[in-house]
Each structure stands twice: as structure tokens, then as C-alpha cells.
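Residue strings, one per chain:
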Amino acid sequence: KGAVSTTFLVDGVLSAERAKAIQGRRSTLTSSEHDEFVPTEGDTYQAAALSLVLHTKSPMVPTFRSDVRIFVVQSKETGQSMAWFGGGADLTPYYL
């Protein structure tokens, strides 16, 4: 058995709180290409996520689970954009 879930968000608008949170995370970036773009309130964003869960018939084979996400912010003033990727996968045994 398996399940797939997708989520898409288009044309979101950053709130002041979300922009401030992103600015705090941005301080960990070391690439000089991001030095000019600081997300601010009113910038637009898009987000997408994909989740997978696969169960086998045999209790001896672990369950597979995976989630991947992308979040893209685009400046309303300059058109510059910045993206974050995240997610992970794991195998969960259920035979003891």
C-alpha cells in the first residue's frame, strides 16, 4: 500500500512576522549572491511539498516515508528570488 500527498501554494504574500523569521535564517548563508536580497513584508512566495508513504505486505520489510519541500521568495521590488529546500526520508521497521 502507498500514499502520495502534494501541496502547492502560489502567490502567497509575506507577512512582517514571516519576513523577519526568514531574515533571521538568512544570516547563516555564506554565499555572496544572496547579499543583496533581503526578503521583506509584501514579497511574494511559492511553496510545494511532496509526501510519500509506502507499506509492504510483509512485516519484515520496513515502511518507507519521505517528505520534500521547496519555498521560493521573490522580491516585489527587484524580482530577485531565493529558494530553500528541505525534507528527508526514513525506514521504519515494525516487526519486533
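In the block above lies the structure referred to throughout.
Quick look at the structure, then.

### Focus on the packing of aromatic side chains
Here is step 1 of the chain: Counted according to the given criterion, the structure contains two aromatic pairs.
Here is step 2 of the chain: An angle of 50° between the planes, with centres 6.0 Å apart, marks the rings of Phe71 and Trp84 as tilted. In this pair, Phe71 sits in strand S3 (residues 63-74) while Trp84 sits in strand S4 (residues 81-92), placing the two residues 13 residues apart along the sequence.
Here is step 3 of the chain: A relative accessible area of 23% means that Trp84 is categorised as partly exposed.
Here is step 4 of the chain: Pairwise contacts between aromatic rings join Tyr45, Phe71 and Trp84 into one cluster.

### Let's talk about the pattern of salt bridges
Here is step 1 of the chain: The full count for this structure, using the stated rule, is two salt bridges.
Here is step 2 of the chain: Its salt-bridge partner being Asp67, residue Arg65 comes within 2.3 Å of it at the nearest N-O pair.
Here is step 3 of the chain: Asp90 serves as the salt-bridge partner of Arg65, at 2.5 Å between the closest nitrogen and oxygen. Of this pair, Arg65 sits in strand S3 while Asp90 sits in strand S4, placing them 25 residues apart in sequence.
Here is step 4 of the chain: Taking relative accessible area as the criterion, Arg65 reaches 33% and is therefore assigned partly exposed.

Reading guide: rules and limits
- Residues numbered from 1 in each chain as written.
- Predicted model: local features only at pLDDT ≥ 70, side-chain atom pairs only at ≥ 80, totals over all residues.
- Heavy atoms only, no water.
- Phe/Tyr/Trp six-rings, centres within 6.5 Å; stacked < 30°, edge-to-face > 60°.
- Helix = DSSP H or I, 4+ residues; strand = E, 2+ residues; numbered from the N terminus.
- Buried < 20%, exposed > 50% of the residue type's maximum accessible area, 1.4 Å probe, protein only.
- Salt bridge = Lys/Arg side-chain N within 4 Å of Asp/Glu carboxyl O.

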